[in-house]
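Tertiary structure, described
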Amino acid sequence: PFITLPNWVNAAAHCGFNIRPIFDELGIQTDLVNLEDATISLPLLGQVMDACVERSREQHFPFVLGETFAFDYLPDIATFVVTSPTLRQAVRVFDWVRTLINPMIDVRLEEEGELARLVLVRDQDPAEPEGRVGAYFVESLFAAIIKFGRAIAADLEADAVLRLRFPEPRYAAVYARS
């Protein structure tokens, strides 16, 4: 199901464009009332992402999609995350996200001494040229992770480092936090 549809509409509005023409151009039927009936294939969702990146005027759409993401359709998930006493306990949310929202979001906690890392397990290597759209989804996911992480640990970014397996995009400096 495409239950994250309202998040895409919201992110597009934040980026200064209406997403409806993109859906119309790609032949995507949308129904914001009956989200449980909305479906989209992964290749088509990739086309939507690519079109949104092209139309976004001043902001990088994947980051905005992640930063504005809300569990509108599954509010219990958001409640769990923001009321978790620690980031470690909140990580369990990824099991639910994989089951209820997107089976391709396979984020795992790996710990080594005092170092903990969230790792997105992927089949496709986003460093490949055709993988750029896949990289957009990775950027969006980690923008959302940082957003929700801040709700639990306001100083999250003081010690956090984000390492991606693809080259730094040309727009990365715009989003660097100091």
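Fair warning: this is a prediction, and the values are worked out from it, not measured in the lab.

So, about the pairing of strand 1 (residues 107-112). Bridge count for strand 1 against strand 2 (residues 115-120) is six bridges, and the pairing is antiparallel. Its bridge partner lying in strand 2, Leu 109 is registered against Leu 118. Linkage of strand 1 to strand 2, two consecutive antiparallel strands, is achieved through a turn of two residues, within which Gly 113 is found at a positive phi near 65 degrees.

Within helix 1 (residues 5-14) the residues assigned to the buried category are Leu 5, Asn 7, Trp 8, Ala 11 and Ala 12. End-on, the buried residues of helix 1 take up no more than an arc of 155 degrees, which puts them together on one face. Contacts from the buried residues of helix 1 go to helix 2 (20-25), helix 3 (42-55), helix 4 (61-67) and helix 8 (132-152). Immediately beyond the C-terminal end of helix 1, within one or two residues, lies Gly 16, with a positive phi of roughly 90 degrees.

What follows covers the pattern of salt bridges. Scanning the model with the defined rule gives seven salt bridges in all. Note that Arg 98 and Asp 95 form a salt bridge whose closest N and O atoms lie 2.8 Å from each other. With Arg 98 and Asp 95 both in helix 7 (residues 93-100) and three residues apart, the pair spans about one turn of that helix. Linking Asp 106 and Arg 108 is a salt bridge whose minimum nitrogen-to-oxygen distance equals 2.7 Å. You can call Asp 106 buried: its relative accessible area is 12%. Connected through salt bridges with shared partners, the residues Asp 95, Arg 98, Asp 106 and Arg 108 form a single ionic network.

This brings us to the packing of helix 5 (residues 75-83) against helix 7. Across the interface, helix 5 lies against helix 7 with an axial gap of 11 Å and an inter-helix angle of 165 degrees. When the axis of helix 5 is compared with that of helix 7, the two are roughly antiparallel. Considering how the two elements wind past one another, helix 5 and helix 7 form a crossing that is left-handed. Contact residues: Ile 77, Phe 80 and Val 81 in helix 5; Val 93, Trp 96 and Leu 100 in helix 7.

It is worth spelling out the environment of Phe 71 at this point. Mapped onto the fold, Phe 71 is located in the loop between helix 4 and helix 5. Since its relative accessible area comes to 11%, Phe 71 is described here as buried. Distance in space between the C-alpha atoms of Phe 71 and Pro 6 is 9.7 Å, their sequence separation being 65 residues.

What follows deals with the nonpolar core. If you look at the biggest cluster of nonpolar residues, it comprises 25 residues, and the most contacted ones within it are Trp 8, Phe 17, Ile 19, Val 48, Cys 52 and Phe 61. Elements with a contribution of two residues or more to this core: helix 1, helix 2, helix 3, helix 4 and helix 8. No other element matches the six residues that helix 3 contributes to this core. When sequence neighbours within four positions are dropped, the list of residues in contact with Phe 61 reads Trp 8, Ala 11, Ala 12, Cys 15, Phe 17, Met 49, Cys 52, Val 53 and Ser 56. The next biggest cluster of nonpolar side chains, apart from the first, holds 23 residues, and it includes Phe 71, Ala 78, Val 91 and Phe 142.

A complete count under the given rule lists zero disulfides for this structure. The thiol of Cys 15 is not disulfide-bonded; the next cysteine sulfur, from Cys 52, is found 8.2 Å away. By relative accessible area, which is 5% here, Cys 15 ends up buried.

If you trace the backbone, Arg 132 turns up in helix 8. In this structure Arg 132 comes out as partly exposed when scored by relative accessible area, which is 24%. Each C-alpha atom, one on Arg 132 and one on Pro 169, is 9.9 Å from the other, the two residues being 37 residues apart in sequence.

Definitions and cut-offs
Residues numbered from 1 in each chain as written. Predicted model: local features only at pLDDT ≥ 70, side-chain atom pairs only at ≥ 80, totals over all residues. Heavy atoms only, no water. Pairing = 2+ DSSP bridges. Helix = DSSP H or I, 4+ residues; strand = E, 2+ residues; numbered from the N terminus. Buried < 20%, exposed > 50% of the residue type's maximum accessible area, 1.4 Å probe, protein only. Arc of directions from axis to C-beta. Contact = heavy atoms within 4.5 Å. Salt bridge = Lys/Arg side-chain N within 4 Å of Asp/Glu carboxyl O. Axes fitted to C-alpha atoms, helices over the stretch in contact; angles between N-to-C directions. Parallel < 35°, antiparallel > 145°, perpendicular 65-115°, else oblique. Left-handed = near helix turned anticlockwise from the far one by under 90°. Core = buried A, V, L, I, M, F, W, Y, C linked by side-chain atoms within 4.5 Å. Disulfide = S-S within 2.5 Å.

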